[in-house]
Amino acid sequence: MDYLEFKIKCLEEFQEILIAELAEIGFDSFLENEDGIDAYILQSEFDRKKFTEIISKYQQAGQITLTEGVMPKVNWNEEWEKNYDPIEVENLVYVRASFHESKPGFRHEIVINPKMSFGTGHHATTYQMLRHQGELDHTGKRVLDVGSGTGILAIMAQLLGASQVEAFDIDDWCVDNGNENFDLNGLTTRMGLGTIRQVNPLGPFEIILANINKNVLLDELEIYAGLLAPEGFLLLSGFYTEDIEDLLNATTPLGLVLRKKSAKDNWAALILQKIDVP
C-alpha cells in the first residue's frame, strides 16, 4: 500500500501542534525540517475532510502551504536517521540516538529513539523542561511525568537521582516507544497508558512534570496540585509566552507560587512550588 506524502511549510512554532493534530487522524510518520514537516499516511487511512479542517484551522496563523504526493514503500528508519541530530542542553545533558556516538563534556547522556513520539529535546518546550529539571534537586524524590511521550523527562529524572519515577501517556505508540527508551537508558519503570484521571497515580510526588498543551494543563492543574507534596515543584511547558498569565491565574488559587519562568522561540516554561494556602 502506498503512502500519501504532504510537505507542509509552516512557522516553526506550529510544527509540534500540527504533528499532534495529524497523528490523531491517522498520520503515522513525520519528518521535521527547517521549513516545516513532512507528514505521511497510508492512502487507505486518509480522511481528506479531517485533514482539510486541521490545515484550515492553522493555515493563516502558521503561514501554511503544502504539497501533496504519493510515496511508495519507505524505509522509515533510514529516513529518520538522516534527519535526527543530537541535542546539547548546555553542559547538562547530551541527547542522542542509538546510532550516534557518545560525546564527553556533559553531566548526563540520554539515548532516545523517538519513532513518531514527541519529546526529543529538539523542541523548545522539551529543551526548557530538561534545563529546568537540572536546576532542581531530584535526589531521593518521587517524580511524576504527565504525558511522557518518548520518556525523555522521566529518564532525566532518573539520571538526576529520583528514587521513583512514574510516567504515562494517552497514546499506546508513545507507551511502547517510551518503554523502549527506558530500556535503552537502564530504567526498570514502565510507562502507563491513559489520561491522569484514568491512570490515577498515587501521590504525593515531590516533582511533577507536565509538558503538554495549555488546554490540557488548565483542565488538570487541580489534579497536579492535589498530587504534589508540600514544598514540591511543578514544571510546566507546552504553551506560548502570551499564555503565561492564564496559567498563573489558574495556579495561584491552588497554592502554586511561580519560582522561575523561561522562554525559547516564543514557547514558555514555568517552575512552580506548592505552598500552604492561607
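It should be noted that the structure appears before, not after, this text.
All values derive from a computational prediction rather than experimental measurement.

Chemist: Residues and numbers for the overall build of the chain, please.
Modeler: Looking only at helices and strands, the chain has 9 helices and 14 strands in total. For 278 residues, the compact-globule estimate of 2.2 N^0.38 gives 19 Å, and the chain sits close to it at 19 Å. With 278 residues in all, the chain has 50% of them scored as buried. Residue pairs in contact within the chain that sit at least 24 positions apart in sequence constitute 63% of those at least 6 positions apart. For the chain, the computed accessible surface area is about 13100 Å², with 48% contributed by carbon and sulfur atoms.

Chemist: Give a detailed account of helix H5 (residues 152-159), specifying residues and quantitative values.
Modeler: Of all 8 residues in H5, 6 are buried, a share of seventy percent or more. The complete set of buried residues in H5 reads Ile 152, Leu 153, Ala 154, Ile 155, Met 156 and Ala 157. A positive backbone phi angle near 105 degrees is found at Gly 161, which sits one or two residues after H5.

Chemist: I'd like a description of unusual backbone geometry, backed by residues and values.
Modeler: Put simply, Gly 203 and Pro 204 share a cis peptide bond, and its omega is 0 degrees. The topology assignment puts Pro 204 in the loop between helix H7 (196-199) and strand S11 (205-211). Even without being a glycine, Glu 231 presents a positive backbone phi close to 70 degrees. Along the chain, Glu 231 turns up in strand S12 (residues 228-240). Look at Asn 266: it is not a glycine, yet its phi comes out positive at around 70 degrees. Topologically, Asn 266 is positioned in the loop between strand S13 (256-264) and strand S14 (267-274). Relative accessible area serves as the criterion here: at 33%, Asn 266 is assigned to the partly exposed category.

Chemist: How would you explain the packing of aromatic side chains if you had to name every residue and give the values?
Modeler: Counted under the stated rule, the structure contains 10 aromatic pairs. Arranged with centres 5.3 Å apart and planes meeting at 35 degrees, the rings of Phe 6 and Phe 46 form a pair that is tilted. With Phe 6 in strand S1 (residues 3-9) and Phe 46 in the loop between strand S3 (36-42) and helix H2 (48-62), the pair connects residues that are 40 residues apart, well separated along the chain. Each member of the pair, Phe 6 together with Phe 46, is buried. Look at Phe 27 and Phe 46: their rings are 6.2 Å apart centre to centre, the planes differ by 90 degrees, and that puts the pair in the edge-to-face class. Placement of the pair is Phe 27 in the loop between helix H1 (15-24) and strand S2 (29-32) and Phe 46 in the loop between S3 and H2, with a sequence separation of 19 residues. What links up through ring pairs into an aromatic cluster is the set Phe 6, Phe 27, Phe 30, Phe 46 and Phe 51. The ring of Tyr 127 carries Lys 264 above its face, with NZ or CZ at 4.9 Å from the centroid.

Chemist: So, the nonpolar core: which residues are in play, and what are the values?
Modeler: In this structure, Val 95 and Ile 110 are the most contacted members of the largest nonpolar core, which totals 30 residues. The set of elements that each furnish at least two residues to this core consists of strand S5 (87-89), strand S6 (93-96), helix H4 (124-133), H5, strand S9 (164-169), helix H6 (172-184) and S11. With 6 residues, H5 is the single largest residue contributor to this core. Setting aside its immediate chain neighbours within four residues, Ile 110 contacts Val 93, Tyr 94, Val 95, Arg 96, Ile 152, Ile 155, Met 156, Leu 159 and Asn 185. Counting 22 residues, the second-largest nonpolar core is a separate cluster that includes Leu 144, Ile 196, Phe 205 and Ala 225.

Definitions and cut-offs
Residues numbered from 1 in each chain as written. Predicted model: local features only at pLDDT ≥ 70, side-chain atom pairs only at ≥ 80, totals over all residues. Heavy atoms only, no water. Helix = DSSP H or I, 4+ residues; strand = E, 2+ residues; numbered from the N terminus. Rg over C-alpha atoms; globule rule 2.2 N^0.38 Å. Buried < 20%, exposed > 50% of the residue type's maximum accessible area, 1.4 Å probe, protein only. Contact = heavy atoms within 4.5 Å. Areas by Shrake-Rupley, 256 points an atom, 1.4 Å probe, with all protein chains shown as cover. Phe/Tyr/Trp six-rings, centres within 6.5 Å; stacked < 30°, edge-to-face > 60°. Lys NZ or Arg CZ within 6 Å of the ring centre and 35° of its normal. Core = buried A, V, L, I, M, F, W, Y, C linked by side-chain atoms within 4.5 Å.

Without other data, these values stay purely geometric and don't point to any function.
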